[in-house]
Amino acid sequence: MFTSKGEETMSEELSLKVKNFYQEVYNQGNLDAMEEFIDVNYLRHQPPMKDVQGLAAYKAFISEVRGAYTNFNMILDEIITAGNKTVVRLTLTGKNTGKSPTIRTPPTGREIAMPACVVSTWDNGKIAEEWVYNDYLGLTYQFGVMPIITGSFE
């Protein structure tokens, strides 16, 4: 597939916005910066959780996630852009010292590393909708609430 210079520039700009969003908002906890990146009518699908709708609800969600982990960090492993879409493969790391909004267990005090994939649709330079897929099964293993499956599936 061939791309024009304009498409390459737009793709690079979108990749930079993604990097800035995760660094500012998730890693540094600057929730006020969300207004620069997130549409007011934002919609987040993150099965099996209920949808998060609106900028204020997303701010509350991120605050709750960051509060569940000491040394919270999002590592961006890969960013793919196509038109007005981005796909980010990332790893969430931290020490579970607070109540997780995704796995309802008491804090475990354990270090975790959870891979995830986020598919975002951008509208007018802001994220309008996202589909988020996390490795919740792996997280429950790391929390120690589910035994590790050993053996082969062959």
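This text follows the structure it describes.
## A short note on the pairing of strand E5 (residues 111-123)
And step 1. In this structure, strand E4 (residues 85-96) lies alongside E5, joined through 11 bridges in antiparallel fashion. In the sheet register, Gly 94 faces E5, and the bridge partner there is Ile 112.
And step 2. Where E5 lies against strand E6 (residues 126-134), eight bridges are found, and the strand directions are antiparallel. Along E6, the bridge assignment pairs Trp 122 with Ile 127.
And step 3. The antiparallel pairing of E5 with E6 creates a hairpin that spans two residues between the two strands, and Asn 124 there sits at a positive phi of about 55°.

## Overview of helix H3 (residues 55-68)
And step 1. The end-to-end C-alpha distance of H3, which contains 14 residues, comes to 20 Å, matching closely the 20 Å that a straight helix rising 1.5 Å per residue would cover.
And step 2. Restricting attention to buried positions, one finds in H3 the residues Leu 55, Tyr 58, Lys 59, Phe 61, Ile 62, Val 65 and Ala 68.

## What to know about the pattern of salt bridges
And step 1. Overall, the coordinates contain four salt bridges when judged by the stated rule.
And step 2. For Lys 59, the salt bridge identified is with Glu 35, shortest N-O distance 3.1 Å. Of this pair, Lys 59 sits in helix H3 while Glu 35 sits in helix H2 (residues 34-37), and the two are 24 residues apart along the sequence.
And step 3. Here Arg 89 makes a salt bridge to Asp 77, at a shortest N to O gap of 4.0 Å. With Arg 89 in strand E4 and Asp 77 in strand E3 (residues 69-82), the pair connects residues that are 12 residues apart, well separated along the chain.
And step 4. Here the salt bridges share partners, and the residues they tie into one network are Asp 77, Glu 78 and Arg 89.

## Some remarks on the packing of aromatic side chains
And step 1. With the rule as written, the count across this model stands at seven aromatic pairs.
And step 2. Consider the rings of Phe 21 and Tyr 22, whose centres lie 5.2 Å apart with planes at 70°: the pair is edge-to-face. Summarising the burial analysis for this pair, Phe 21 and Tyr 22 share the class buried.
And step 3. Between the aromatic rings of Phe 21 and Tyr 26, the centroid separation amounts to 5.8 Å while the plane-to-plane angle is 90°, which identifies the pairing as edge-to-face.
And step 4. Residue classification places Tyr 26 among the buried positions, given a relative accessible area of 3%.
And step 5. Counting every residue linked through ring pairs, the aromatic cluster contains Phe 21, Tyr 22, Tyr 26, Phe 37, Tyr 69 and Phe 72.

## Quick word on the sheet that holds E5
And step 1. As summarised here, the arrangement of the six strands in space is E2-E1-E6-E5-E4-E3, forming an open sheet in which the pairing is mixed. Because the sheet does not close on itself, it has two edges, and the strands there are strand E2 (52-53) and E3.
And step 2. As judged from the two bridges shared by strand E1 (residues 38-45) and E2, these two strands associate in the antiparallel manner. Within E2, the residue paired with Arg 44 across the bridge is Val 52.
And step 3. In this fold helix H4 (residues 136-143) packs onto E3, E4, E5 and E6, with an angle of close to 155° to the strand it touches most, E5.

## Comments concerning empty space enclosed by the protein
And step 1. Scanning the entire structure with this criterion turns up one cavity of 30 Å³ or more.
And step 2. Of the volumes computed, that of the largest cavity is approximately 200 Å³.
And step 3. Lining the largest cavity are 21 residues, and of these Arg 44, Gln 46, Met 74, Leu 92 and Asn 134 sit closest to its centre.
And step 4. Taken together, the elements giving at least two residues each to the lining of the largest cavity come down to helix H1 (5-27), H3, E3, E4, E5 and E6.
And step 5. Residues of the lining of the largest cavity, tallied by class, amount to 15 nonpolar, four polar and two charged.

## So, the pairing of E1
And step 1. Here E1 runs beside E6; their pairing, made up of four bridges, is parallel. By the bridge assignment for E6, Ile 38 is matched with Ile 127.
And step 2. Linkage of E1 to E2, two consecutive antiparallel strands, is achieved through a turn of six residues.

The rules behind these values
The residue count restarts for each chain, going from 1 along the sequence in the order it is written. Owing to the predicted nature of the model, reporting of local features is limited to residues with pLDDT of at least 70; listing and counting of side-chain atom pairs is limited to 80 or more, with chain, interface and lining totals taken over all residues. To get the side-chain values, all heavy atoms of the structure are used, and hydrogens and water are removed first. The rule for pairing is simple: two strands pair if DSSP sees at least two bridges between them. Secondary structure counts use DSSP, requiring at least four H or I residues in a row for a helix and at least two E residues in a row for a strand, with both numbered from the N terminus. Helices are assigned an expected span. That span is 1.5 Å times one less than the residue count. Each residue's exposure class comes from its accessible area (1.4 Å probe, protein chains only) as a fraction of the maximum for that residue type: buried when under 20%, exposed when over 50%, partly exposed otherwise. By convention in these notes, a salt bridge is any Lys or Arg side-chain nitrogen within 4 Å of a carboxyl oxygen on Asp or Glu. Here is the rule: rings of Phe, Tyr and Trp (six-membered ring for Trp) pair when centre to centre is within 6.5 Å. Planes less than 30 degrees apart are stacked, more than 60 are edge-to-face, and the remainder are tilted. Whether two residues touch is decided by their heavy atoms; if any such pair falls within 4.5 Å, the residues are in contact. Note on geometry: axes are lines fitted to C-alpha atoms, helical ones only across the stretch in contact, with angles between N-to-C directions running from 0 to 180 degrees. A 1.4 Å probe that fits into a set of points on a 1 Å grid over the protein atoms alone but cannot get out defines a cavity; an open set with protein on both sides within 12 Å along at least five of seven lines defines a pocket, and lining residues are those with an atom within 4 Å of a point. Grid points are joined across faces, edges and corners, and a volume is the space filled by probe spheres set on the points. Ten residues, namely Ala, Val, Leu, Ile, Met, Phe, Trp, Tyr, Cys and Pro, are considered nonpolar, four, namely Asp, Glu, Lys and Arg, are considered charged, and the remaining ones, Gly among them, are considered polar.

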